[in-house]
Amino acid sequence: MQETIIQPEAWRETIARVRGQIGEIIVGQQEVVEQMLWCIFAGGHALLEGIPGLGKTMLVRTIADTLDLSFSRIQFTPDLMPSDITGTQILSFGKQGETGMTFQRGPLFSSIVLADEINRATPKTQSALLEAMQEKTVTVGNETHRLPSPFFVLATQNPLENEGTYPLPEAQLDRFLLKILVPYPSADELKEIVRRTTANLAPSIVKQAGPEELLEIQHGAREVLVADDVLDYAARLLMMSHPEEASAPEGVKKYVRFGSGPRGIQSIISTGKVRAVCQGRMHLAQSDIHAVAVPALRHRIFLNFEGQALGITTDQIIGEMLQALGGRP
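The rules behind these values
- Residues numbered from 1 in each chain as written.
- Predicted model: local features only at pLDDT ≥ 70, side-chain atom pairs only at ≥ 80, totals over all residues.
- Heavy atoms only, no water.
- Helix = DSSP H or I, 4+ residues; strand = E, 2+ residues; numbered from the N terminus.
- Polar contact = N/O pair within 3.5 Å; in protein donor to acceptor, adjacent residues only side chain to side chain.
- Contact = heavy atoms within 4.5 Å.
- Patch = residues over 30% accessible without salt bridge, like charges linked within 9 Å, V, L, I, M, F, W, Y side chains within 5 Å.
- Areas by Shrake-Rupley, 256 points an atom, 1.4 Å probe, with all protein chains shown as cover.
- Salt bridge = Lys/Arg side-chain N within 4 Å of Asp/Glu carboxyl O.
- Buried < 20%, exposed > 50% of the residue type's maximum accessible area, 1.4 Å probe, protein only.
- Expected span 1.5 Å × (residues − 1).
- 1 Å grid on protein atoms, 1.4 Å probe; cavity = no way out; pocket = protein on both sides within 12 Å on 5 of 7 lines; lining within 4 Å.
- Points joined across faces, edges and corners; volume = space filled by probe spheres on them.
- Nonpolar A, V, L, I, M, F, W, Y, C, P; charged D, E, K, R; others polar.
- Pairing = 2+ DSSP bridges.
- Axes fitted to C-alpha atoms, helices over the stretch in contact; angles between N-to-C directions.

As recorded by an unreviewed UniProt entry, the protein carries the name ATPase and is attributed to Paenibacillus cookii.

> So what exactly am I meant to see when it comes to the side chain of D174 here?
Relative to the helices and strands, D174 resides in the loop between α6 (170–173) and β9 (178–181). Separated by 3.0 Å, the side chains of D174 and R263 make a polar contact. For D174, the contacting residues outside a window of four places in its chain are R263 and R300.

> What is the right way to look at a nonpolar patch on the surface in this model?
A cluster of nonpolar residues, L91, F93 and M101, forms a patch on the protein surface that exposes about 370 Å² of accessible area. Mapping L91 onto the fold places it in strand β3 (residues 87–93). With relative accessibility at 52%, the residue L91 sits in the exposed group.

> What am I meant to see in helix α2 (residues 30–42) here?
Along an α-helix, residues three or four positions apart point the same way, because every turn accommodates 3.6 residues. A rise of 1.5 Å per residue sets the reference length of α2, with its 13 residues, at 18 Å; its end C-alpha atoms lie 18 Å apart and thus fit the reference within 8%. The element α2 is largely enclosed, with a buried count of 10 among its 13 residues. The set of residues buried in α2 consists of V32, V33, E34, Q35, M36, L37, W38, C39, I40 and F41.

> Looking at this structure, how should I read empty space enclosed by the protein?
Over the atoms a probe the size of a water molecule is rolled, and this reveals where empty space is left. Taken as a whole, this structure holds one cavity of 30 Å³ or more when the rule is applied. Along the lines of polarity and charge, the residues of the lining of the largest cavity split into five nonpolar, two polar and one charged.

> Could you clarify how one ought to interpret the sheet that holds strand β5 (residues 112–116) in this entry?
In a beta sheet, neighbouring strands pair by backbone hydrogen bonds and run either parallel or antiparallel. Ordered by their spatial adjacency, five strands build an open sheet running β2-β5-β8-β1-β9, and the pairing between neighbours is parallel. Each having just a single partner strand, β2 (71–75) and β9 make up the two edges of the open sheet. In this sheet, neighbouring strand axes are inclined to one another by 20° on average, regardless of whether the strands run parallel or antiparallel. Summarising the sheet, β5 and strand β8 (residues 152–157) pair through four bridges and their orientation is parallel. From the neighbouring strand, L114 faces β8, where its bridge partner is L154. Those strands touched by α2 are β1 (46–49), β8 and β9, and its axis lies near 165° from that of β9.

Below, the structure written as C-alpha cells:
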C-alpha cells in the first residue's frame, strides 16, 4: 500500500465541507451528523435509534450522495430472507443452450447499505450481515465474494415498537462501531423542516469528496498518535464497565450485568482519532475519549434486572464512569 502523506489540515477541511453540505439538507441534528462522520471516516458501522420521521433515512442518503458512494436501502421485514440481501445463485442459459449457475448480487453490494428497521427481521436474516460487517465479504455456496471498498452498514431501529421485533444479539450489536440516538427536533427546527419539505425549493446535493478521499482520510486517521497515558486512560475507562472490577463505580456494581468487551476500546480509540483529525490534530487527547465514550459504549454495556426495572440507562452508567475516572472533558 502506498504510504499516506500526512496532511491533517486538508483532511479537516474536507470533513468540514462534507459536514456543511449535510447541514444544508438535514435540519439540526448536529451531534448526530458529527457522530455519523466519526463513524464513516473511522471505517465502521453505525446503529441509529430514533422514532420514525426524524430523517434517519434522509441523513444516510445525503451522506452517500455527498461522498459520491453507491447506496442501497433494505427494508427489513419478518419474511426477509438472507438471500434477499446477500444475493443468490440463479440458473442461466448460454447461447448454445448450455446451462450454468450465475451469482446474482443482492443490495448488500453497495458502499453504503441502509438496513432500515433492522430489528424487524428474523435472527437468521440479521446474522447474514455478520460476515459482511466483519470480513466485508459474502459467502454463497462455496464462493466468497468481496464487497466494495469502502463499505458501511448504517442500520436503524425504532425504540417504541417492540411487538413483532427481534432484538439484535450482543454479538451483532458489538459489530457496530457506534450507537447513535436521534433526538426529536426543537420547535425552531420543526418549523424549518416544514419550510423545506412543503415548498418547491428542494436543495440539491453537491459532491464534496469521493471514495478515494474517504479512504485516504481513513488511512490517515490511523496514523494519529496515541500517548501511553491516553491509552491507559481509555483502558481504565473500559475496565470500569465491569461490575467485578474494584475500580468500578457504585452504579456499575449495582446495575450492570456485563461490561464492554475489547471492541469497546477499539471503537473509542479509532473514533477518537477521527475526532482529532476533524480538529486538525494528529494526536489523541483525553477530551476525545470523553467525547466518543457514550456512543461507543452505550450498546456494549448490559444492565441487570434491577437496573432495567429502575429505568437506568447505559448513558447514565457511562457518565458515572467518566466522572469517577476524572480527567479533562
